Structures are given as structure tokens and as C-alpha cells.
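In case you want the letters, here they are:
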Amino acid sequence: MLRDAWQAFEAWVAARAWAQLILRLVLAGLIAWPMVRWQGLVGLVLALVPMAVLIAVPLTHSGFDLLRWLRKRHLKRWNGRWYAFRDFQIRLFELKDHTWLCADDVLRALGEPVDRVVHERYRNQFGALGYREPPGETLICFSEAALRRFLSLRNDARSREFARWLERDVLFAHERRRREAPFS
């Protein structure tokens, strides 16, 4: 809820900056039109100075807002929903109080091959616990239960390290966030 309010506030500020730019463009046009009509080319040159002053500030603010939006846009979907384990990105989905982790990311982080055959084998082995595409997503994911079972069957050092990292840095943080979110 707070995140939605903040996004609405950011949208309002950006809309206000664009509205201010449009208003100043209209005002600059209203200043320039009579000067050009009465003085011709000399009036246009004289009108450029007030036009530049009127337009410069909102144009720079709008430009910075546009650049900020473009920089955030490609990460917006994953904002707050990905973690890094040994420089491997682990994407995370949270749907109806259940956490899902992208299977491709987990398998790459553990040094496993990622292909259709591996997905089919794990779907047969862990499908009942939650190795599938979560509702509304297109990536195959592990549910918390399926991932815990998958990691319990592995005994290499990297898998144990991944399991510790998962419990300590990812699942604990998301569980705490769920408990502390007063408006969600």
C-alpha cells in the first residue's frame, strides 16, 4: 500500500512537471506570436530569450525525470525481488504469501545444467511440492517446499552454502517483510 502511494506521488510529480512544461510552452508562444507578427524576424530573435528562460527549468526537470524512469524501467519488475548468490542472480516471486524462486537461476548457481530434460526430470521429482510455473508467470520456479526438498537431497558444499544463504538472507527477510507490512 505504501509502495503504491509512493508510485502515485512520483507519477503526480512527473505529470506536474510535464504540465508545467506545456504551460510554459504555451506562455512562450503567446509572448513570441505578437512579437513575430509585429517585428518579423527581429521579433523572433527578441522572443527567443524569454522563451528560453521560460522553458529551460521544466525542460531539464522533465528530462531528468524521463532519464530516471528509463533507468528504473527495465528493473521495475524485479525491484526488491532478486538476490545474488556468488554473483548469480536469483529471481524471486511472491504470490499469495508463497515464495517462488526461478529454477534456472537456482540451477545455474548450483552448477547444474539448465535444459528441457533437466526441467522435466525435476518436474517429475518435485512437481507435487511445487516445481512449475507459478500463476501469472512464464518461468519455471521452485516453491519453498520443493527447493528445501531439492537441497536436502544434495550433499555437496555449494548446495549446503546455498541452503544457508537461502534461509538466512532470502526467506527470513521475506518472512519478516510479510509480518511487518501493515498495509499489504
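The structure displayed is predicted, hence computed values, not measured ones.

Novice: Please set out the pattern of salt bridges residue by residue, giving values where relevant.
Specialist: Across all of its chains, the model carries eight salt bridges by this definition. Across the pair Asp 105 and Arg 91 runs a salt bridge, and its minimum N-O distance is 2.8 Å. Placement of the pair is Asp 105 in helix 3 (residues 103–109) and Arg 91 in strand 2 (residues 88–95), with a sequence separation of 14 residues. On the accessibility criterion, Asp 105 (6% relative accessible area) is buried. Glu 112 is paired through a salt bridge with Arg 154; the nearest N and O atoms lie 2.6 Å apart. In this pair, Glu 112 is assigned in the loop between helix 3 and helix 4 (116–126) and Arg 154 in the loop between helix 5 (144–152) and helix 6 (157–180), connecting sequence segments 42 residues apart. Judged on exposure class, the residue Glu 112 and its partner Arg 154 are both buried.

Novice: Outline the environment of Leu 151, supporting the account with residue identities and numerical values.
Specialist: Its location among the elements puts Leu 151 in helix 5. A relative accessible area of 8% means that Leu 151 is categorised as buried. Sequence separation between Leu 151 and Phe 162 is eleven residues; the distance between their C-alpha atoms is 8.4 Å. The contacts of Leu 151, once residues within four sequence positions are left out, are Leu 110, Ser 159, Phe 162, Ala 163 and Leu 166.

Novice: Could you give an account of the sheet that holds strand 1 (residues 82–85), with specific residues and numbers?
Specialist: Pairing within the open sheet is antiparallel, and its five strands lie in the order 1-2-3-5-4. Two strands in the sheet have a free side with no partner beyond their single neighbour: strand 1 and strand 4 (131–132). Pairing between strand 4 and strand 5 (residues 141–143): two bridges, direction antiparallel. The residue of strand 5 that forms the bridge with Arg 132 is Cys 141.

Rules of the game
Residues numbered from 1 in each chain as written. Predicted model: local features only at pLDDT ≥ 70, side-chain atom pairs only at ≥ 80, totals over all residues. Heavy atoms only, no water. Salt bridge = Lys/Arg side-chain N within 4 Å of Asp/Glu carboxyl O. Helix = DSSP H or I, 4+ residues; strand = E, 2+ residues; numbered from the N terminus. Buried < 20%, exposed > 50% of the residue type's maximum accessible area, 1.4 Å probe, protein only. Contact = heavy atoms within 4.5 Å. Pairing = 2+ DSSP bridges.

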